[in-house]
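# Coordinates in review
Each chain, written out:
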Amino acid sequence: SQQGEEDPQALSIQEGENATMNCSYKTSINNLQWYRQNSGRGLVHLILIRSNEREKHSGRLRVTLDTSKKSSSLLITASRAADTASYFCAKGLTGGGNKLTFGTGTQLKVEL
Amino acid sequence: NAGVTQTPKFQVLKTGQSMTLQCAQDMNHEYMSWYRQDPGMGLRLIHYSVGAGITDQGEVPNGYNVSRSTTEDFPLRLLSAAPSQTSVYFCASSSQRGAVLSGGEKLFFGSGTQLSVL
């Protein structure tokens, strides 16, 4: 069964705007990761946040984690057309080792 | 650096046929895994391995077999293909040792195999 959901399922914004995607989960996690998938390609790792961390930054990406609410968000600032892709959160469950449980993803479209 | 290599990229099978999807990584990763991706379902874990000679089932293992005779290779076998196995299959690997030390490691994905079963 899927560990939580991502929302929104689809998001369309203009270039230069910020994009925020949310991810919720149901059980205890060691870490939460975000991946990007361009159409027809494999997934590419973006950022990993551990359960004892609250916020991480990587370039134009900002990820937050609220373990009390069992939720995470990914913010992409100053979006570009090249950011158009599907974004997935993946949960590393406590005791699960390297196994990741993926959500259903958010399809982001950035228009010129 | 090749990373994770999957072959073939595309495959069409008839119901009942068997085939093996190949996956190889050159990063000396202990952990390897197979996912399938279906529209609206995200990625679901089929099988995984934490090292040579060790495999275990994921969320959707039925109809698939795996083995891990070397660190580099982790083939996925479909013994008798069914239309329900039409999907895109991804192999992914990561450092097991790194996960133990740091509480999580990123996965490196192959480019996928698009499989159609008629």
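Residues numbered from 1 in each chain as written. Chains lettered and ligands numbered in written order. Predicted model: local features only at pLDDT ≥ 70, side-chain atom pairs only at ≥ 80, totals over all residues. Heavy atoms only, no water.

With that settled, the discussion passes to the overall build of chain A. Helix and strand counts for chain A stand at zero helices and eleven strands. Over its C-alpha atoms, taken along the principal directions, chain A stretches across nearly 45 × 30 × 20 Å. The burial tally for chain A puts 47% of its 112 residues in the buried class. Excluding contacts between residues fewer than 6 apart, the proportion of contacts in chain A whose partners are at least 24 apart in sequence is 54%. Total accessible area on chain A stands at roughly 5,300 Å², and carbon and sulfur atoms take up 45% of it. Between the mean site of the 14 positive side-chain charges and the mean site of the 10 negative ones, chain A shows a separation of 8 Å. (Helix = DSSP H or I, 4+ residues; strand = E, 2+ residues; numbered from the N terminus. Buried < 20%, exposed > 50% of the residue type's maximum accessible area, 1.4 Å probe, protein only. Contact = heavy atoms within 4.5 Å. Areas by Shrake-Rupley, 256 points an atom, 1.4 Å probe, with all protein chains shown as cover. Lys, Arg positive; Asp, Glu negative; His and termini not counted. Charge placed at Lys NZ, Arg CZ, Asp CG, Glu CD.)

Another aspect to go through is the interface of chain A and chain B. Taken together, the contacts link 21 residues of chain A with 25 residues of chain B. Taken over both partners, the interface formed by chain A and chain B buries close to 1,700 Å², and the fraction arising from carbon and sulfur atoms is 50%. Inspection of the region where chain A meets chain B yields zero salt bridges. Counting across the chain A and chain B interface gives six residue pairs in polar contact (both at pLDDT 80 or more). (Buried area = accessible area lost by both parts, 1.4 Å probe. Salt bridge = Lys/Arg side-chain N within 4 Å of Asp/Glu carboxyl O. Polar contact = N/O pair within 3.5 Å; in protein donor to acceptor, adjacent residues only side chain to side chain.)

On to the sheet that holds strand β7 (residues 64-66) of chain B, then. Residue and element names in this part refer to chain B. Taken together, four strands build an open sheet; the order of strands is β1-β3-β8-β7 and the sheet is antiparallel. The strands lining the two open edges of the sheet, one partner per strand, are β1 (4-7) and β7. Sheet twist, expressed as the mean angle between neighbouring strand axes with direction ignored, is 20 degrees. Where β1 and strand β3 (residues 19-25) come together, four bridges link them in antiparallel fashion. Residue pairing in the sheet places glutamine 6 in a bridge with cysteine 23 of β3. (Pairing = 2+ DSSP bridges. Axes fitted to C-alpha atoms, helices over the stretch in contact; angles between N-to-C directions.)

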